[in-house]
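Breakdown of the fold
Chain by chain, the residues:
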Amino acid sequence: MDAMQRSDSWAFKPQVYYGILLIAALFGLAGILRIVKGTAKSVNSAATAPSGTSNLEEIKKAKELLDAGAITFAEFEKIKSNAIGR
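Residues numbered from 1 in each chain as written. Predicted model: local features only at pLDDT ≥ 70, side-chain atom pairs only at ≥ 80, totals over all residues. Heavy atoms only, no water.

1. So, the overall build of the protein
Threshold: Runs of H or I in DSSP of at least four residues are treated as helices and runs of E of at least two as strands, each being numbered from the N terminus. Buried residues are those whose accessible area, probed at 1.4 Å on protein chains only, stays under 20% of the maximum for their type, while exposed residues exceed 50% and partly exposed ones sit between those limits.
In terms of regular secondary structure, the protein is built from three helices and zero strands. Reading the secondary structure of the protein in the N-to-C direction produces α-α-α. Going through the 86 residues of the protein one by one, you find that 9% of them count as buried.

This is the structure we're talking about:
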């Protein structure tokens, strides 16, 4: 009788264990990826957030940019409404 035909054989078990090991490794990699992406998001949001600037200072900077012609009036209004809305 062949080992693959025996009901008490452990011949199929390594494939099952390798499959479980592969799935566990994929879940581990997915978890690490989520952690890295979450950390990157928090770093990016901290870098883009105004550090200690008040709403008035932000509006003044936007007004200077508007006067210099660097932004349009619509952009100025958008910046102003965002600063006031905080």
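2. Structural notes on the pattern of salt bridges
Definition in use: Any Lys or Arg side-chain nitrogen found within 4 Å of a carboxyl oxygen on Asp or Glu counts as a salt bridge.
As enumerated under the stated definition, the model contains two salt bridges in all. In this structure, the salt-bridge partner of Lys63 is Asp67, at a minimum N-O distance of 3.2 Å. Pair noted here: Lys63 and Asp67 are both in helix 2 (residues 55-68), with a separation of four residues, about one helical turn. Accessibility expressed as a relative area gives 38% for Lys63, which makes it partly exposed.

3. A word on the nonpolar core
Here is the rule: Each nonpolar core is a collection of buried residues, namely Ala, Val, Leu, Ile, Met, Phe, Trp, Tyr and Cys, held together in the definition by side-chain atoms within 4.5 Å.
Core analysis: the biggest nonpolar cluster contains six residues, these being Ile59, Ala62, Leu66, Ile71, Phe76 and Ala83. Elements represented by at least two residues in this core include exactly helix 2 and helix 3 (73-84). Sort the elements by how many residues they give to this core and helix 2 lands first, with three residues.

4. Considering the packing of aromatic side chains
The following threshold applies: Note on ring pairs: Phe, Tyr and Trp rings are taken, using the six-membered ring of Trp, and paired if centres are within 6.5 Å. Classes follow the plane angle, with under 30 degrees stacked, over 60 edge-to-face and the rest tilted.
Tallied over the full model, the rule gives one aromatic pair. Considering the side-chain rings of Phe73 and Phe76, the 6.2 Å spacing of their centres and the 40 degrees angle between planes classify their relative orientation as tilted. Of this pair, Phe73 and Phe76 are both found in helix 3, three residues apart, which corresponds to roughly one turn of the helix. By relative accessible area, Phe73 is classed as exposed at 54%.

5. Examining the packing of helix 2 against helix 3
Keep this limit in mind: Lines fitted to C-alpha atoms define the axes, with helix axes restricted to the stretch in contact, and inter-axis angles between N-to-C directions lie between 0 and 180 degrees. An angle below 35 degrees is treated as roughly parallel, one above 145 as roughly antiparallel, one from 65 to 115 as roughly perpendicular, and anything else as oblique. Every residue pair with non-hydrogen atoms within 4.5 Å of one another is taken to be in contact. Residues are grouped as follows: nonpolar covers Ala, Val, Leu, Ile, Met, Phe, Trp, Tyr, Cys and Pro; charged covers Asp, Glu, Lys and Arg; every other residue, Gly included, is treated as polar.
Two elements in contact, helix 2 and helix 3, have axes whose closest approach is 9 Å; the angle formed by their N-to-C orientations is 175 degrees. Taken together, helix 2 and helix 3 sit at an angle that is classed as roughly antiparallel. Contacts from Asn55, Glu58, Ile59, Ala62, Lys63 and Leu66 of helix 2 reach helix 3 at Phe73, Phe76, Ile79, Lys80, Ala83 and Ile84. Along the lines of polarity and charge, the residues of the contact of helix 2 with helix 3 split into eight nonpolar, one polar and three charged.

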